[in-house]
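Analysis of the macromolecular model
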Amino acid sequence: QVQLVESGGGSVQSGGSLRLSCAASGYMYSRYCMAWFRQAPGRERQLVVGIDSAGIPSYADSVKGRFTISQDKAKNTVYLQMNHLKPEDTATYYCAARDWVDGTYCEDYSVNDYKDWGQGTQVAVSS
């Protein structure tokens with residue numbers, strides 16, 4: 001229902017930076033959760049960071065202090081600034097969206113709770 005397109009992935013050395021973008025189009029929820037997930041080969045898809053329509057973020061411990069999520073509502077775009085990248089950050093990064101239900105927090109939602117997904121963008125961090 002919501003179309004999502006990621007961009008900005010690439011290859012970088014340890015300590016480098018990348019900025020990912022997620023552009024949304026089509027119908028958008030009045031209140032929403034937007035999130036970045038990542039999936040490395042042989043591993044489960046894991047939450048990196050989420051943000052609600054009020055602008056409140058929730059980061060995974062592994063990226064706190066290094067990654068920053070932001071949104072430009074005028075452009076219907078969410079960004080992920082990734083600094084001090086590590087080889088462990090190597091993965092396909094996916095943007096996802098879902099409606100934000102009253103009485104819940106975006107961090108309460110799991111992978112299977114998100115309704116809309118982008119195609120993913122690959123990030124490779126070398127030693």
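Residues numbered from 1 in each chain as written. Predicted model: local features only at pLDDT ≥ 70, side-chain atom pairs only at ≥ 80, totals over all residues. Heavy atoms only, no water.

So, on to the pattern of salt bridges. This model, assessed by the stated rule, comprises five salt bridges. The salt bridge partner of arginine 66 is aspartate 89, with a shortest N-O separation of 2.8 Å. Of this pair, arginine 66 sits in the loop between strand 6 (57-59) and strand 7 (67-72) while aspartate 89 sits in the loop between strand 8 (77-82) and strand 9 (91-99), placing them 23 residues apart in sequence. When salt bridges that share partners are traced, they join Arg38, Arg66 and Asp89 into one network. (Salt bridge = Lys/Arg side-chain N within 4 Å of Asp/Glu carboxyl O. Helix = DSSP H or I, 4+ residues; strand = E, 2+ residues; numbered from the N terminus.)

Further remarks concern the environment of glutamate 44. For glutamate 44, the position within the fold is in the loop between strand 4 (32-39) and strand 5 (46-52). For glutamate 44, a relative accessible area of 64% gives the class exposed. As a C-alpha pair, glutamate 44 and glycine 120 span 76 residues in sequence and 15 Å in three-dimensional space. In contact with glutamate 44, not counting residues within four places along its chain, are Arg38 and Gln39. (Buried < 20%, exposed > 50% of the residue type's maximum accessible area, 1.4 Å probe, protein only. Contact = heavy atoms within 4.5 Å.)

This part covers the packing of aromatic side chains. Under the defined criterion, the tally for this structure stands at five aromatic pairs. Taking 5.9 Å as the distance between ring centres and 85 degrees as the angle between the ring planes, the aromatic pair formed by tyrosine 27 and tyrosine 29 counts as edge-to-face. Here tyrosine 27 falls in the partly exposed class, since its relative accessible area comes to 45%. Since its relative accessible area comes to 10%, tyrosine 29 is described here as buried. The interplanar angle of 65 degrees and the centroid separation of 6.4 Å between the aromatic rings of tyrosine 114 and tryptophan 117 together place this pair among those described as edge-to-face. Taken together, the aromatic side chains of Phe37, Tyr94, Tyr114 and Trp117 make up a single cluster linked through ring pairs. Across the ring face of tyrosine 94, the terminal group of arginine 45 is positioned such that the distance to the ring centre comes to 3.8 Å. Across the ring face of tyrosine 109, the terminal group of arginine 98 is positioned such that the distance to the ring centre comes to 3.8 Å. (Phe/Tyr/Trp six-rings, centres within 6.5 Å; stacked < 30°, edge-to-face > 60°. Lys NZ or Arg CZ within 6 Å of the ring centre and 35° of its normal.)

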